[in-house]
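# Architecture at a glance
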Amino acid sequence: MQQTRIRPMTESGILSAVAIVMIIMSVYLPVFGVVAGIIWPVPLTLLGVRHGYNWSLLAVVITGLVTAMVLQPLTALQAVLAFGGMGVVLGHAIRQKYHPLKTLLVTTAASLTGVLALGFLVMGINPLADQLDMMTEAFGEVQTIYRTTGLFNEEQLTSMAAMSAATLELLKLLLPGLLVLTSVVYAWVNLLAARVLLRRLGTEVPTFPPFTEWHLPRSILYAGAVVAVMFYWGHYRGVQPLDTISANLGILLLVLFFLQGLSLFYYLADKYNLSRLVKGIILFLTFTNGFCMELTFFAGLWDVVFDYRRLRSRSLK
C-alpha cells in the first residue's frame, strides 16, 4: 500500500512544481507568459489521467499554497480558481475516456464556472462589467493620445468617440457570449496540449474526427429558428431580456455555422486537390474579408440543410 502511493506522490510534487513555475512565468514574462498562464493546468491534467482526480485536486491545493507564498495570495487565488478546476475536470474526462465533444464541453463548463466564481463570489465584481470598464478606459486613453499628438482634428475625434461608444454598446450586449467562446478556446488549447504530452507518454486520448468530417445536427436549425423569433421580439418589440439572450445565442450559432463552412471548404479543397498556396490565400481572405466570412457562414448553413457531404447519411448506416 505504501509502495503504491510513492509514485503518485512523487509525480504530484513534480507536476505541482511545474505548474507553479508556469504561473510565475505568466506573471513575469510578457509574451510567453500569456501562453503559460493559459496552459498551466496541463500538469494537473496529466496527474489526473495517470492517478485519478484525487491527486490532481491535491496538486491544485499544493500549487495554490506555494504560489501564494512565492507571489501573493490574490495571484494564487486568481490562477487556481480560474483555471485549476479546468485542469482537474479535463484529466478526469480523459481518464474516463469521455467522447472528445463531451470532454470539451465539460472542460469549457469548468473554465466558465471558475471565471464566474472568481469574479462574483471571491473578488465581488461582475467579470463582464469589469471587462467592459477596461475597454472603456482603453478607448479613452487612445483618444487622449490622439488629441495630444494632434493627428486628428476635433471633428474626427468626435466621430471616433461615437464609433467607440457604439462598439462598447455592442460588446456590452455580446460579452456573455464572448466569455463562453473564450472558455471554449481555453478548454480547447488545454485539451490539445494535454493530448500531445499524453501521446508522448504512451497514453492514447480519444480524438475528434478529421475536420473535413465535422458536421452539425440538423436539429440546430430549430435552435436557429427559436433564436430568430427571440431576436424579433427582443429587438423590434423592445423585450430587452430576449434581445440580450438572442444576441448571445446568435453569436454562438454564427461561430458554429462558420466552423461548418470551414469544414466544407477543407473537404472541397481535399476533393479537388487545391495547392497549399491557393488554400492559404482563400483562408486568409476568409478571416480578413467580411464578404468571405459571410459566404463561409452561409456555406455552413447550406451544408447543414442539404448535407452536401452525406455525412449524416453515412452515420446512419
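Note that the coordinates shown come from a computational prediction; the quantities given were computed from them, not determined experimentally. (Residues numbered from 1 in each chain as written. Predicted model: local features only at pLDDT ≥ 70, side-chain atom pairs only at ≥ 80, totals over all residues. Heavy atoms only, no water.)

What the rule picks out here adds up to one cavity of 30 Å³ or more. Roughly 40 Å³ of internal volume is contained in the largest cavity. Looking at the largest cavity, the residues that line it are Ile94, Tyr98, Pro100, Thr103, Leu191, Arg195, Val205 and Pro206. Here the lining of the largest cavity is built from residues that sort into six nonpolar, one polar and one charged. (1 Å grid on protein atoms, 1.4 Å probe; cavity = no way out; pocket = protein on both sides within 12 Å on 5 of 7 lines; lining within 4 Å. Points joined across faces, edges and corners; volume = space filled by probe spheres on them. Nonpolar A, V, L, I, M, F, W, Y, C, P; charged D, E, K, R; others polar.)

Further remarks concern the nonpolar core. Counting 31 residues, the largest nonpolar core has Trp40, Ile94 and Leu198 as the members making the most contacts within it. Elements supplying a minimum of two residues to this core: helix 1 (2-28), helix 2 (32-39), helix 3 (42-51), helix 4 (53-70), helix 5 (73-95), helix 6 (100-122) and helix 8 (154-200). With eight residues, helix 5 is the single largest residue contributor to this core. In contact with Trp40, not counting residues within four places along its chain, are Ala19, Met22, Ile23, Thr63, Ala79, Val80, Phe83 and Gly84. Formed by seven residues, the second largest nonpolar core is a distinct cluster that contains Leu216, Val227, Phe257 and Val304. (Core = buried A, V, L, I, M, F, W, Y, C linked by side-chain atoms within 4.5 Å. Buried < 20%, exposed > 50% of the residue type's maximum accessible area, 1.4 Å probe, protein only. Helix = DSSP H or I, 4+ residues; strand = E, 2+ residues; numbered from the N terminus. Contact = heavy atoms within 4.5 Å.)

Quick look at the layout of surface pockets now. Of the voids in this model, the largest pocket is the one considered here, and its volume is about 970 Å³. Lining the largest pocket are 22 residues, and of these Leu101, Leu104, Trp214, Leu256 and Leu259 sit closest to its centre. Only helix 6, helix 8 and helix 10 (240-271) provide two or more residues apiece to the lining of the largest pocket. Here the residues of the lining of the largest pocket are counted per class, giving 17 nonpolar, four polar and one charged. Shared between two domains, the lining of the largest pocket holds at least three residues of each, these being domain 1 (5-124 + 177-201) and domain 2 (211-314). (Domains from an automatic or database assignment.)

It is worth spelling out the packing of aromatic side chains at this point. Evaluated as defined, the whole model comprises 14 aromatic pairs. Between Phe258 and Phe287, the ring centres sit 5.7 Å apart and the planes meet at 75°, which makes this aromatic pair edge-to-face. One end of the pair, Phe258, is in helix 10; the other, Phe287, is in helix 11 (residues 276-288), and 29 residues separate them in sequence. Ring-pair connections join several aromatic residues into one group, and the members of that group are Trp188, Phe208, Phe211, Trp214, Phe265 and Tyr266. The ring centre of Tyr98 lies 4.2 Å from the NZ or CZ of Lys102, which sits over that ring. (Phe/Tyr/Trp six-rings, centres within 6.5 Å; stacked < 30°, edge-to-face > 60°. Lys NZ or Arg CZ within 6 Å of the ring centre and 35° of its normal.)

Using the criterion set out here, one finds three salt bridges in the structure. Notably, a salt bridge pairs Lys279 with Asp270, separated by 3.8 Å at the nearest N-O pair. Using a relative accessible area of 44% as the deciding quantity, one classes Asp270 as partly exposed. We note a salt bridge from Arg309 to Asp303, for which the minimum N-O separation is 2.6 Å. (Salt bridge = Lys/Arg side-chain N within 4 Å of Asp/Glu carboxyl O.)

Turning our eyes to something else, we now look at the side chain of Thr212. Residue position: Thr212 is located in the loop between helix 8 and helix 9 (220-236). What makes Thr212 buried here is its relative accessible area of 18%. Leave out the neighbours within four places in its chain, and Thr212 touches Ser263, Tyr266, Tyr267, Asp270, Arg309 and Leu311.

Before going further, it helps to spend a moment on the UniProt feature "transmembrane region" (unreviewed entry) in the protein chain. Mapped onto the present numbering, the UniProt feature "transmembrane region" (unreviewed entry) falls at residues 14-40, 52-70, 103-125, 173-198, 219-235, 247-269 and 281-302. Along residues 219-235, the helical share is 94% and the strand share 0%, with 24 Å between the first and last C-alpha atoms. (UniProt positions renumbered as here; feature names shortened; annotations may be inferred.)

So, on to the environment of Leu254. Position of Leu254 among the secondary structure elements: in helix 10. For Leu254, a relative accessible area of 45% corresponds to the partly exposed category. Note: C-alpha distance between Leu254 and Phe297 (43 residues apart in sequence) is 6.9 Å.

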